[in-house]
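Okay, here's what each chain looks like letter by letter:
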Amino acid sequence: MHSELPVSPGTAPMPGHRVEITERGSFCFANCSCGWFRPARRSRDLARREAAEHLEESGAELEG
């Protein structure tokens, strides 16, 4: 889970939001480095749209 606490010496900052959409057979999975995920979808467009909405809500930008 992402923490808003300041980074103290000897710790690494949490990575930014990196969303990955993975296909397995006829299903697409969307998940993010922050721990966010969505269940498998048959619609690639829906998986991409949900990922974009997550990034928008978190203030991050969609890559690519």
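Structure: above.
Here is a short report on the structure shown in this document. This one's a predicted model, so the numbers in the text were calculated from it and none came from an experiment. (Residues numbered from 1 in each chain as written. Predicted model: local features only at pLDDT ≥ 70, side-chain atom pairs only at ≥ 80, totals over all residues. Heavy atoms only, no water.)

1. So, the pattern of salt bridges
Part 1 of the argument: Counted under the stated rule, the structure contains three salt bridges.
Part 2 of the argument: Across the pair Arg44 and Glu23 runs a salt bridge, and its minimum N-O distance is 2.9 Å. With Arg44 in helix α1 (residues 44-58) and Glu23 in strand β1 (residues 19-24), this residue pair connects regions lying 21 residues apart in the sequence.
Part 3 of the argument: In this structure, Arg48 and Asp45 form a salt bridge, with 3.7 Å as the shortest nitrogen-oxygen distance. Separated by three residues within a single helix, Arg48 and Asp45 lie in helix α1, roughly one turn from each other.
Part 4 of the argument: Here Arg48 falls in the partly exposed class, since its relative accessible area comes to 43%. (Salt bridge = Lys/Arg side-chain N within 4 Å of Asp/Glu carboxyl O. Helix = DSSP H or I, 4+ residues; strand = E, 2+ residues; numbered from the N terminus. Buried < 20%, exposed > 50% of the residue type's maximum accessible area, 1.4 Å probe, protein only.)

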